[in-house]
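Chain residues, written in single-letter form:
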Amino acid sequence: MGTHRKEPEPLYTPENYNPEDSLGRLIADTSRRILAGFDDEMASQGMGITGAQWVILMRIARGCASTAAELCRFGHCDTGSMTRMLDRLEEKGLIRRVPSSTDRRVTRLELTDAGQALLPHLPPVAIKVLNAHLKGFTREELDQLKGFLNRIRANSGSPA
């Protein structure tokens, strides 16, 4: 007597799918609004960078990405727009491009002294913006939401 588990019914069907209320739309819209919150907060503090630049500086600082190609993979963006973003950060004196000593095709990205000096001011922006967007949530609800999003990410088969 084997146990035969029935596959669960799909959550989205042609009958109930509404693009304006789909999970993908809600996640994308929420992400855009949070990034806009970063832009607004950094502008109000006169930091001179955008939310997208915030992400790049943090990725470099934390060692999560050290090349333009790694940042492109993380951000799912094209190399042209990433190059322009890195050009702007370099013009602001926040990063520098350093040729690799082992592979002349590779250019590593590093924070400059000015980038390092800005670094301690970046996490408080995230804290303020995220807390504003999570107003009314309990710790348990936040943990549950993060658990759900991590399950979706795991279902995608993509690395974190």
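For the structure itself, look to the data block above.
Residues numbered from 1 in each chain as written. Predicted model: local features only at pLDDT ≥ 70, side-chain atom pairs only at ≥ 80, totals over all residues. Heavy atoms only, no water.

Undergrad: Give me the lowdown on the packing of aromatic side chains, citing residues and values where you can.
TA: For the structure on display, the rule yields 2 aromatic pairs. Centroid distance Tyr12 to Tyr17: 5.9 Å. Interplanar angle 80°. Geometry classified as edge-to-face. On the basis of relative accessible area, Tyr17 is assigned to the partly exposed category, the value being 44%. On the basis of an interplanar angle of 85° and a centroid distance of 4.9 Å, the ring pair of Phe38 and Trp54 is categorised as edge-to-face. Of this pair, Phe38 sits in helix H1 (residues 23-44) while Trp54 sits in helix H2 (residues 51-61); the two residues are 16 residues apart in sequence, bridging distant segments of the chain. On the basis of relative accessibility, which here comes to 7%, the residue Phe38 falls in the buried class. (Phe/Tyr/Trp six-rings, centres within 6.5 Å; stacked < 30°, edge-to-face > 60°. Buried < 20%, exposed > 50% of the residue type's maximum accessible area, 1.4 Å probe, protein only. Helix = DSSP H or I, 4+ residues; strand = E, 2+ residues; numbered from the N terminus.)

Undergrad: Got a sec to walk through the environment of Ile95? Specific residues and values, please.
TA: Tracing the backbone shows Ile95 in strand E1 (residues 95-99). Spatially, the C-alpha atoms of Ile95 and Gly115 are 6.3 Å apart, while their sequence positions differ by 20 residues. In contact with Ile95, other than residues within four places in its own chain, are Leu57, Ile60, Leu86, Leu89, Glu90, Leu109, Glu110, Leu111 and Thr112. (Contact = heavy atoms within 4.5 Å.)

Undergrad: Talk me through the nonpolar core; I want residue IDs and the actual numbers.
TA: Among the nonpolar cores identified, the biggest contains 26 residues, and Ile49, Trp54, Ile56, Leu57, Leu71, Ile95 and Leu122 are the most heavily contacted of them. Where this core is concerned, the elements lending two or more residues are H1, H2, helix H3 (68-75), helix H4 (79-91), strand E2 (107-111) and helix H6 (122-133). A per-element tally of this core places H2 first, with 5 residues. Excluding anything up to four places from it in sequence, Leu71 contacts Ile56, Arg59, Ile60, Ala65, Met82, Leu86 and Leu109. (Core = buried A, V, L, I, M, F, W, Y, C linked by side-chain atoms within 4.5 Å.)

Read these as layout, nothing more, since geometry by itself doesn't imply function.
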